[in-house]
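One-letter residues, chain by chain:
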Amino acid sequence: MVQIYTYSLGPLQTNCYIIANEESKEALIVDAGMNPDELIYQAEEYTVAAILMTHAHFDHMGGLDKIRKKVKAPVYIHKSEQEWLSNADLNGSSRWPMVGGAMLADPAEHEVADGEILELAGFCIRALETPGHTPGGLSFLIDNHLFSGDTLFARSIGRTDLPGGNYDQLMDSIHDKLMELPDETVVHPGHGPATTIGDEKTSNPFISGIMR
């Protein structure tokens, strides 16, 4: 049985997730926001097989080393953002000192490629390369659950005005990768409430006009 726990962490209310396999008592973590104590408390009930990073902006990686130290799990990230973990200018934390100052983390143990299938914690996870918000954005598909990071939100899309952002690339990622998924796919975004692919096709003002 799959159990998904959602935590909105840090000053930017970043959604981070525990995906738990209740049969094996294993779990995955998706993203690692700031002030992660509540997430860590829940995660310690499981053997955590991996921490999956949708991207490496500071609000998604600010708690990474604290989480990793507690749960002792390897980190998976796109190779384009491996360096971001240890560079405050790239991950953006140097530009917002009022949020918490420079945030750094050790390198990820694994680099993930587009279409790669990961078998972890009893789950089959498909990694989808979805750049645009950042150059190495990833979305993770587990059964009919999509963890989209800051690529797709309920009735909105990720911002592209930060360094490394590209609006056309983001829209291609959404149209060519995410909108090809079944309508019933549940989208768990990096901020805000969950939605479905079907709802976003018809109700998202950024997307409904590009559906062909």
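Structure report, in brief. Counting starts from 1 at the beginning of each chain's written sequence and moves along it residue by residue. Selection of residues for local features in this predicted model requires a pLDDT of at least 70, selection of side-chain atom pairs for listing and counting requires 80 or more, and totals for whole chains, interfaces and linings are taken over all residues. Excluding hydrogens and water, the side-chain values take into account all heavy atoms of the structure.

**Section: the side chain of Q42**
(1) Moving on: Examined against the element boundaries, Q42 turns out to sit in helix α1 (residues 37-43).
(2) Moving on: By definition in these notes, contact holds between two residues if any of their heavy atoms fall within 4.5 Å. Here Q42 is in contact with Y5, Y7 and I18, once residues within four sequence places are set aside. Numbering goes from the N terminus for both helices and strands, where a helix is a DSSP run of H or I of at least four residues and a strand is a run of E of at least two.

**Side note on the pattern of salt bridges**
Pairing between side chains of opposite charge can happen when the charged atoms of each approach one another.
(1) Moving on: We define a salt bridge as a contact between a side-chain nitrogen of Lys or Arg and a carboxyl oxygen of Asp or Glu at a distance within 4 Å. The full count for this structure, using the stated rule, is eight salt bridges.
(2) Moving on: With a closest N to O distance of 3.0 Å, E22 and K25 form a salt bridge.
(3) Moving on: Exposure categories follow from relative accessible area, calculated using a 1.4 Å probe and restricted to protein chains: below 20% of the type maximum is buried, above 50% is exposed, and the middle band is partly exposed. Accessibility expressed as a relative area gives 22% for E22, which makes it partly exposed.
(4) Moving on: Close ionic contact of R155 with E200 constitutes a salt bridge, the shortest N to O distance being 2.9 Å.

**Thoughts on the sheet that holds strand β8 (residues 123-129)**
Whether parallel or antiparallel, the strands of a sheet pair through hydrogen bonds between backbone atoms.
(1) Moving on: DSSP calls a pair of strands paired once it identifies at least 2 bridges connecting them. The strand order β7-β8-β9-β10-β13-β14 describes an open sheet built from six strands, whose pairing is mixed. Each end of this open sheet is capped by a strand with a single partner; those strands are β7 (117-120) and β14 (195-196).

**Looking at the packing of aromatic side chains**
(1) Moving on: Note on aromatic contacts: the rings of Phe and Tyr and the six-membered ring of Trp form a pair at centre separations within 6.5 Å, being stacked when their planes are under 30 degrees apart, edge-to-face when over 60 apart, and tilted otherwise. This model, assessed by the stated rule, comprises three aromatic pairs.
(2) Moving on: With 5.2 Å between their ring centres and 70° between their planes, Y17 and F147 make a pair best called edge-to-face. Residue Y17 is located in strand β2 (residues 14-21), and its partner F147 is located in strand β10 (residues 145-149); the two are separated by 130 residues in the primary sequence.
(3) Moving on: The exposure class of F147 is buried, given its relative accessible area of 1%.
(4) Moving on: Measuring from centroid to centroid gives 5.7 Å for F58 and W96, while their planes differ by 35°, and the two rings are tilted. In this pair, F58 sits in helix α2 (residues 58-61) while W96 sits in the loop between α4 (88-91) and β6 (110-112), placing the two residues 38 residues apart along the sequence.

**Description of empty space enclosed by the protein**
(1) Moving on: Buriedness for pockets is judged along seven lines, at least five of which must meet protein on both sides within 12 Å for an open set on the 1 Å grid over protein atoms alone, while cavities are sets there where a 1.4 Å probe fits but cannot get out, and lining residues have an atom within 4 Å of a point. Grid points are joined across faces, edges and corners, and a volume is the space filled by probe spheres set on the points. On inspection of all chains with the given rule, the structure shows one cavity of 30 Å³ or more.
(2) Moving on: Its volume calculated, the largest cavity comes out at about 40 Å³.
(3) Moving on: What lines the largest cavity is T54, H55, T130, H133, T134, G137, L138, S148, G149, D150 and T151.

**Looking at the nonpolar core**
(1) Moving on: We call a set of buried residues a nonpolar core when its members are Ala, Val, Leu, Ile, Met, Phe, Trp, Tyr or Cys and they connect through side-chain atoms within 4.5 Å of each other. By size, the foremost hydrophobic cluster in this structure holds 31 residues, and its most contacted members are I18, I29 and I51.
(2) Moving on: Broken down by secondary-structure element, the contributors of at least two residues to this core are β1 (2-9), β2, β3 (26-30), α1, β4 (47-52), α2, α3 (64-71) and β5 (75-78).
(3) Moving on: Excluding its chain neighbours within four sequence positions, the residues that come into contact with I51 are I29, L64, I67, R68, V71, A73, P74, V75 and Y76.
(4) Moving on: In this structure, Y17, L28, F123 and I125 belong to the second largest nonpolar core, which totals 19 residues.

**Topic: the pairing of β7**
(1) Moving on: Burial along β7 is one-sided: L118 and L120 are buried, and none of I117 and E119, which face the opposite way, are.
(2) Moving on: Pairing between β7 and β8: four bridges, direction antiparallel. Each bridged residue has a counterpart across the sheet, and for I117 the counterpart in β8 is R126.
(3) Moving on: Hairpin connection from β7 to β8: two residues lie between these consecutive antiparallel strands, with A121 at a positive phi of about 55°.

Note that every value here comes from positions in space, so none of it alone points to a role or purpose.
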